[in-house]
Amino acid sequence: MRVIYTDQSINCLEEALEFVVEKQKLSPEQASSLKDSLFDRADSLAINPLKGQQEEYLKDLKEGHRRIIEGHFKIIYKIEKETVYITDFFDSRQSPEKMKG
């Protein structure tokens, strides 16, 4: 399987990292390391895409969204044929209503 990051997921990741840098006072190096670990975790879905749980907050969309966790982040994705689409990176310390799916 291949992993594709949607434009929305990249935008969400950048927003979430800005939030974390501001609130947690992370250095640029720490933010870069966090970003790398999130990408590594998401890329691992190429090997085992079903390892994530169903994402309850997006169940109404009926697109089969799933999630895996890395630290305080949910990595939201869906599977279509032989492709895993990463749709959102969501800091779980934020309100679930901000999740875009």
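Everything in this summary refers to the structure shown in the same document. Being a predicted model, the structure only gives us computed values, none of them experimental. (Residues numbered from 1 in each chain as written. Predicted model: local features only at pLDDT ≥ 70, side-chain atom pairs only at ≥ 80, totals over all residues. Heavy atoms only, no water.)

A few points about helix H1 (residues 7–24)
Counted at 1.5 Å a residue, the expected span for H1 with its 18 residues is 26 Å, and the 25 Å between its end C-alpha atoms agrees. Ser9, Cys12, Leu13, Ala16, Leu17 and Val20 are the residues of H1 that are buried. Across the axial projection of H1, the buried residues extend over an arc of 135°, all falling on one side. Across H1 from its buried face, at more than 90 degrees, point the exposed residues Asp7, Glu18 and Glu22. Buried residues along H1 sit in contact with strand S1 (2–5), helix H2 (28–43), strand S4 (73–80) and strand S5 (83–91). Once H1 ends, the next one or two residues include Lys25, with phi positive near 55°. (Helix = DSSP H or I, 4+ residues; strand = E, 2+ residues; numbered from the N terminus. Expected span 1.5 Å × (residues − 1). Buried < 20%, exposed > 50% of the residue type's maximum accessible area, 1.4 Å probe, protein only. Arc of directions from axis to C-beta. Contact = heavy atoms within 4.5 Å.)

Concerning the sheet that holds S1
Strands pair in a sheet through their backbones, by hydrogen bonds, and they do so in one of two ways: parallel or antiparallel. Taken together, five strands build an open sheet; the order of strands is S1-S5-S4-S3-S2 and the sheet is mixed. The two strands at the open ends of the sheet, each matched to only one other strand, are S1 and strand S2 (53–54). Bridge analysis of S4 against S5 gives eight bridges, and the strand direction is antiparallel. The partner of Ile79 across the bridge, within S5, is Val84. Along the sheet, H1 makes contact with S1, S4 and S5, crossing S5 at roughly 25°. Sitting on the sheet, H2 touches S1, strand S3 (66–70), S4 and S5, and the angle it makes with S3 is about 140°. (Pairing = 2+ DSSP bridges. Axes fitted to C-alpha atoms, helices over the stretch in contact; angles between N-to-C directions.)

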